[in-house]
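Residue-level listing of the chains:
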Amino acid sequence: GISCDNEYGGVTGIDLRDNNLAGHFPVYTRTHSLEGDPEYDPDAANPLYYVYDGENNWQYTKYGLANLYDLKTLNLADNKLTGTIEYLPLYNLASLTHFDVSGNQLSGGGGMEALVSPSLTHADFNNNHFASMHHFKKYKGSFQSLRFCDVSKNAIQINATDIFGNIPPNIQQLIASNNEIHGSLPEWLNNLPALRQFDISSNALSGEMPDFAVSISSLQELDMSNQTNGLTGSIPEN
């Protein structure tokens with residue numbers, strides 16, 4: 001359902017999981033630029049508003065999530081959404097903390113576009129068709145705030161080194177199982193002091209199995225099993 005702020009009436013929560021929703025991810029749809037003053041016709045069949053693009057043009061768009069400035073939680077899990085997630089409108093969602101699009105048919109080379117939201121703590125992308133973690137970068141708004149991220153059961157093809165060079169430092173749970181992540185794992189992960197759960201099972205990792213239990217004292221659950229290329233070494237006893 002839809003949750004609203006009792007005082008101001010702004011939408012704070014959207015929970016439409018398992019509703020058989022189909023189509024593209026519902027951000028605004030950009031069309032073309034027009035010069036001149038912005039106009040808005042609320043009685044039109046498809047009301048439009050204009051967004052200034054900084055170059056003396058007004059970009060008119062359909063209404064979408066970009067206008068929900070008070071939105072804190074968005075759950076669109078277990079639907080039939082397709083296509084990519086356009087990240088630019090998500091910059092507006094400064095209050096967004098929980099984002100769940102798991103169990104859809106979303107795709108794209110970047111995939112993790114929602115990470116631009118500066119307050120995001122919980123992001124669930126599992127069971128889609130994302131091919132990369134390109135947007136899992138230090139310059140993203142949520143780099144300091146993110147605590148939980150699940151990208152399992154996708155089609156992510158990336159070297160493990162590229163992932164670990166950009167993991168948010170305050171992450172507590174990182175789940176990346178059932179993908180096509182390859183390469184070797186770093187020997188140490190002492191830059192992740194809060195990590196409690198790390199699951200990178202069922203991928204294509206190779207090389208020596210690191211002893212993360214030594215470098216991450218907070219680690220409680222670790223799964224590196226079922227690697228198609230095979231990891232060497234022994235499983236840590238502690």
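Below: a short report on this structure. Just so we're clear, the structure is a prediction, and the values are computed from it rather than from any experiment. (Residues numbered from 1 in each chain as written. Predicted model: local features only at pLDDT ≥ 70, side-chain atom pairs only at ≥ 80, totals over all residues. Heavy atoms only, no water.)

### Observations concerning the overall build of the chain
Next up, step 1: Looking only at helices and strands, the chain has two helices and 20 strands in total.
Next up, step 2: Put simply, the chain shows about 12,000 Å² of open surface, and 45% of that area lies on carbon and sulfur atoms. (Helix = DSSP H or I, 4+ residues; strand = E, 2+ residues; numbered from the N terminus. Areas by Shrake-Rupley, 256 points an atom, 1.4 Å probe, with all protein chains shown as cover.)

### Quick look at the pairing of strand β2 (residues 11-15)
Next up, step 1: Relative to β2, strand β1 (residues 2-4) is paired through three bridges, and the arrangement is antiparallel. Within β2, the residue paired with Ile-2 across the bridge is Ile-14.
Next up, step 2: In this structure, the hairpin formed by β1 and β2 is closed by a connection of six residues, where Gly-9 is found at a positive phi of approximately 80 degrees.
Next up, step 3: Summarising the sheet, β2 and strand β7 (residues 73-75) pair through three bridges and their orientation is parallel. Within the sheet, the bridge partner assigned to Asp-15 lies in β7 and is Asn-75. (Pairing = 2+ DSSP bridges.)

### With respect to the sheet that holds strand β19 (residues 221-223)
Next up, step 1: Across the sheet, which stays open at both edges, the nine strands sit in the order β1-β2-β7-β9-β11-β13-β14-β16-β19 with mixed pairing between neighbours. Each end of this open sheet is capped by a strand with a single partner; those strands are β1 and β19. Recorded for the sheet is a direction-independent mean angle of 10 degrees between the axes of neighbouring strands. (Axes fitted to C-alpha atoms, helices over the stretch in contact; angles between N-to-C directions.)

### Notes on unusual backbone geometry
Next up, step 1: Of note in this structure, Asn-20 is not a glycine but carries a positive phi near 60 degrees.
Next up, step 2: Given a relative accessible area of 52%, Asn-20 falls into the exposed group. (Buried < 20%, exposed > 50% of the residue type's maximum accessible area, 1.4 Å probe, protein only.)

### Side note on the pairing of strand β8 (residues 80-83)
Next up, step 1: Pairing analysis gives three bridges linking strand β3 (residues 22-24) to β8, with the strands arranged parallel. From the neighbouring strand, His-24 faces β8, where its bridge partner is Thr-82.
Next up, step 2: Taken together, the two bridges between β8 and strand β10 (residues 105-108) define a ladder with parallel strand orientation. Bridge pairing links Gly-83 to Leu-106 in β10.

### Observations regarding the nonpolar core
Next up, step 1: Phe-25, Leu-74, Phe-99, Phe-125, Ile-181 and Ile-200 are the most contacted members of the largest nonpolar core, which has 49 residues in total.
Next up, step 2: Here this core gets three residues from one element, more than from any other, and that element is helix α1 (residues 160-164).
Next up, step 3: Residues within four places of Ile-181 in sequence aside, it is in contact with Ile-156, Ile-158, Ala-160, Ile-163, Ala-176, Ile-200, Asn-203, Ala-204 and Leu-205. (Core = buried A, V, L, I, M, F, W, Y, C linked by side-chain atoms within 4.5 Å. Contact = heavy atoms within 4.5 Å.)

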